[in-house]
Amino acid sequence: MENEMEKSQGVLIRNWEIPLFIDWIKDTLANRGASEAGKDIHRLLNTLLTTDFGKGDMVLTGQEVNLLAPWMVSLLVSQEKEDENSDLCQVNDRIFRAHGAITDNDRRKSCICTG
């Protein structure tokens, strides 16, 4: 039987999307998500926050997607829906689709934009 990590695929986050994603991580950890993140997620987030991507894109591996997606869904469900979140919402949705086990219903609940 396959485990979640084997089913998860990598995700490309384009250069212009990286600041949106990183800022969301910083805000989430500062305000509400730190206690819910396990040590593996903290290690991954610390790496993402301290890596200089320069002008390149970011690629999350299947293993990273496997760690991030369930944690993100649990936090995004309670976040306000706002028009300016549409680009970040697209990044999040790609991560959830790559995970493979995030349901369509959970993807809709975790949407943080009005579109």
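Residues numbered from 1 in each chain as written. Predicted model: local features only at pLDDT ≥ 70, side-chain atom pairs only at ≥ 80, totals over all residues. Heavy atoms only, no water.

## Side note on the nonpolar core
Okay, so step 1: Counting residues in each nonpolar core, the largest one holds 32 residues, and the members touching the most others are F21, L48 and I95.
Okay, so step 2: Every element with two or more residues in this core is listed here: β1 (11–13), α2 (18–33), α3 (39–50), β2 (58–60), α4 (62–76) and α5 (86–99).
Okay, so step 3: Looking at which element gives the most residues to this core, the answer is α4, with eight residues.
Okay, so step 4: In contact with L48, not counting residues within four places along its chain, are F21, I22, I25, F53, M58, L60 and L68. (Core = buried A, V, L, I, M, F, W, Y, C linked by side-chain atoms within 4.5 Å. Buried < 20%, exposed > 50% of the residue type's maximum accessible area, 1.4 Å probe, protein only. Helix = DSSP H or I, 4+ residues; strand = E, 2+ residues; numbered from the N terminus. Contact = heavy atoms within 4.5 Å.)

## Digging into the confidence of the model for the protein
Okay, so step 1: Per-residue pLDDT for the protein has a mean of 83; in total, 89% of the residues score no lower than 70.
Okay, so step 2: A low-confidence stretch, residues 1–5 (pLDDT under 50), is modelled with seven contacts involving residues beyond four sequence positions or located in other chains. (pLDDT = per-residue confidence, 0-100.)

## Observations concerning the state of the cysteines
By definition, a disulfide is the covalent link that joins the sulfur atoms of two cysteine residues.
Okay, so step 1: Taken as a whole, this structure holds zero disulfides when the rule is applied.
Okay, so step 2: Distance from the sulfur of C89, which forms no disulfide, to the nearest cysteine sulfur (C111) is 3.4 Å.
Okay, so step 3: Assessed through its relative accessible area of 15%, C111 is described here as buried. (Disulfide = S-S within 2.5 Å.)

## Observations concerning a negative patch on the surface
Okay, so step 1: Residues E80, E82, D83 and E84 make up a contiguous surface patch of negative charge.
Okay, so step 2: Turning to its location among the elements, E84 is positioned in the loop between α4 and α5.
Okay, so step 3: E84 sits in the exposed class, given a relative accessible area of 62%. (Patch = residues over 30% accessible without salt bridge, like charges linked within 9 Å, V, L, I, M, F, W, Y side chains within 5 Å. Areas by Shrake-Rupley, 256 points an atom, 1.4 Å probe, with all protein chains shown as cover. Salt bridge = Lys/Arg side-chain N within 4 Å of Asp/Glu carboxyl O. Lys, Arg positive; Asp, Glu negative; His and termini not counted. Charge placed at Lys NZ, Arg CZ, Asp CG, Glu CD.)

## Side note on the packing of aromatic side chains
Okay, so step 1: In total, this model carries one aromatic pair according to the counting rule given.
Okay, so step 2: Taking the centre distance of 5.9 Å and the plane angle of 70° together, the rings of W24 and W71 count as edge-to-face. Placement of W24 in helix α2 and of W71 in helix α4 is noted, with a sequence separation of 47 residues between them. (Phe/Tyr/Trp six-rings, centres within 6.5 Å; stacked < 30°, edge-to-face > 60°.)

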